[in-house]
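Residue-level structure breakdown
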Amino acid sequence: MGKEIKKFRIITICLIIIICTLFIYIADDIPNFGDPNAPPIKFVEILRVELNQESDLLDQNKIPYQLLSELTNRGFPIPVRIEKSSEYKDEWNGFIIKEEPHYEKEEKYYFIKKEDSFLKVYRYAFVVRWIEKGLKETAVPNMVTYGLADYRGYDTLGETTVIFTAGVSVILLLRRKSRL
Amino acid sequence: MKEKERDVIVETVSRVMIPFIQLFALYVIIHGSGGPGGGFQGGVVFASSFILFVIAFDILGGRKRFPESINTTLSSIGLYIYAGIGLLAIIFSRGMAQYLNYGFIPFTSHFQENRALGMDFVEMGIGITVMAIIASIFFDLAQKNE
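The following refers to the structure shown. Here the structure is a predicted model, which means the values were calculated and not measured. (Residues numbered from 1 in each chain as written. Chains lettered and ligands numbered in written order. Predicted model: local features only at pLDDT ≥ 70, side-chain atom pairs only at ≥ 80, totals over all residues.)

Scanning chain A from terminus to terminus reveals six helices and five strands. Taken from N to C terminus, the helices and strands of chain A fall in the order α-β-α-α-β-β-β-β-α-α-α. A compact globule built from 180 residues would reach a C-alpha radius of gyration of about 16 Å, whereas chain A, at 25 Å, exceeds it by more than 25%. Dimensions of chain A along its principal axes, counting C-alpha atoms only, are 75 × 55 × 30 Å. Residue pairs at least 24 apart in sequence account for 38% of intrachain contacts in chain A once pairs closer than 6 positions are excluded. (Helix = DSSP H or I, 4+ residues; strand = E, 2+ residues; numbered from the N terminus. Rg over C-alpha atoms; globule rule 2.2 N^0.38 Å. Contact = placed C-beta atoms within 7 Å.)

Our focus in this paragraph is the interface of chain B and chain A. Between chain B and chain A, the contact holds 30 residues from the first and 27 residues from the second. Looking at the side of chain B that touches chain A, the elements with two or more residues in it are helix H4 (68-92) and helix H5 (111-142) of chain B. Tallied by class, residues from the side of chain B that touches chain A come to 14 nonpolar, 11 polar and five charged. (Nonpolar A, V, L, I, M, F, W, Y, C, P; charged D, E, K, R; others polar.)

Attention now moves to the packing of helix H4 (residues 126-138) of chain A against helix H5 (residues 143-151) of chain A. Residue and element names in this part refer to chain A. Between H4 and H5, whose axes approach to 10 Å, the crossing angle comes to 75°. Between H4 and H5, the angle is such that the two are roughly perpendicular. Residues Trp130, Gly134 and Thr138 of H4 pack against Met143, Tyr146, Gly147, Asp150 and Tyr151 of H5. Residues of the contact of H4 with H5, tallied by class, amount to four nonpolar, three polar and one charged. (Axes fitted to C-alpha atoms, helices over the stretch in contact; angles between N-to-C directions. Parallel < 35°, antiparallel > 145°, perpendicular 65-115°, else oblique.)

A few words now on the sheet that holds strand E2 (residues 81-84) of chain A. Residue and element names in this part refer to chain A. The five strands lie next to each other as E1-E5-E4-E3-E2, forming an open sheet whose pairing is antiparallel. Whereas interior strands pair on both sides, the edge strands pair on one side only; in this sheet they are strand E1 (43-50) and E2. Within this sheet the neighbouring strands show an average axis-to-axis angle of 30°, counted without direction. For E2 and strand E3 (residues 91-97), the ladder comprises four bridges, and the chain directions are antiparallel. Each residue of the ladder has a partner; that of Ile82, found in E3, is Gly94. (Pairing = 2+ DSSP bridges.)

Moving on, we get to the environment of Ala97 of chain B. All names here are of chain B. Position of Ala97 relative to the elements: it lies in the loop between H4 and H5. The exposed category is assigned to Ala97, around which 9 C-beta atoms lie within 10 Å. On a C-alpha basis, the gap between Ala97 and Gln22 in space is 38 Å, while along the polypeptide they are 75 residues apart. (Buried ≥ 20, exposed ≤ 12 C-beta atoms within 10 Å, placed from the backbone.)

Residue and element names in this part refer to chain A. Linkage of E2 to E3, two consecutive antiparallel strands, is achieved through a turn of six residues, within which Asp90 is found at a positive phi near 60°. Here seven bridges tie E3 to strand E4 (residues 106-115), and the two strands are oriented antiparallel to one another. When the sheet's bridge partners are listed, Ile96 is paired in E4 with Glu107.

Okay, structure coming up:
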């Protein structure tokens, strides 16, 4: 009995050390706390393309061929329109067509940025649409409520069911002698 | 069991407070889409008024004002309202199967306004369920001695 526990102890310590080193190895990639450009808040990097004369084409609102073939190879939707970002230089927004009833078909999907000799392509996170278009789409000014009850309606239905189940189980446990 | 002592101050204050607590709970539920709040919070506030009543008066009076049969019915009715609104959305979207997409339910002529109104009804459903379940759990725990 004692020997087995000792063996397990050594295995456990080894496992913890391995996991800790893995975490330290990964920690480099974790976004900084409060970083406005972190993947879950703003965008995720998809790919980077070497830069030749692409930025001139992008400035004329045209999509460079290399970028298009690269996106098609990886199975991403094709951008239909490129627009220069109003805030910064060397940044562009890509729009795609989405099949949604009752709303504008175009949606802001790609974020293209020039850095050094590369053209980096990012994909916008859902939060960006949530913040920018929520009021227009749902006519509710409260960002939390339209998230809770509309965009994540299924989730809230499940939460309500969980509360209902908790109540029913308390009734079943504590009210056994009387009738339900 | 020993007869409970009656306290004039506590009884009077809670007699004044309880209607206002319930009104505030309804306010929180109805204004869930405009300000802070919503179904969960409003339901808990409403249930707290029952708890205050039981603490200030007695549990049998509380049960008489909020009977067990109504309590059990309400706890499922809220969930039925929520799921029923989703079902209405399926019916009115005519074959597109948009479950819980409130925009298709024709409350008004605007798609966006429909979504806002659908959200309000859903919040009411959540509020009813949460209120009934919290009250039910509280009464079950408090009634154990009998």
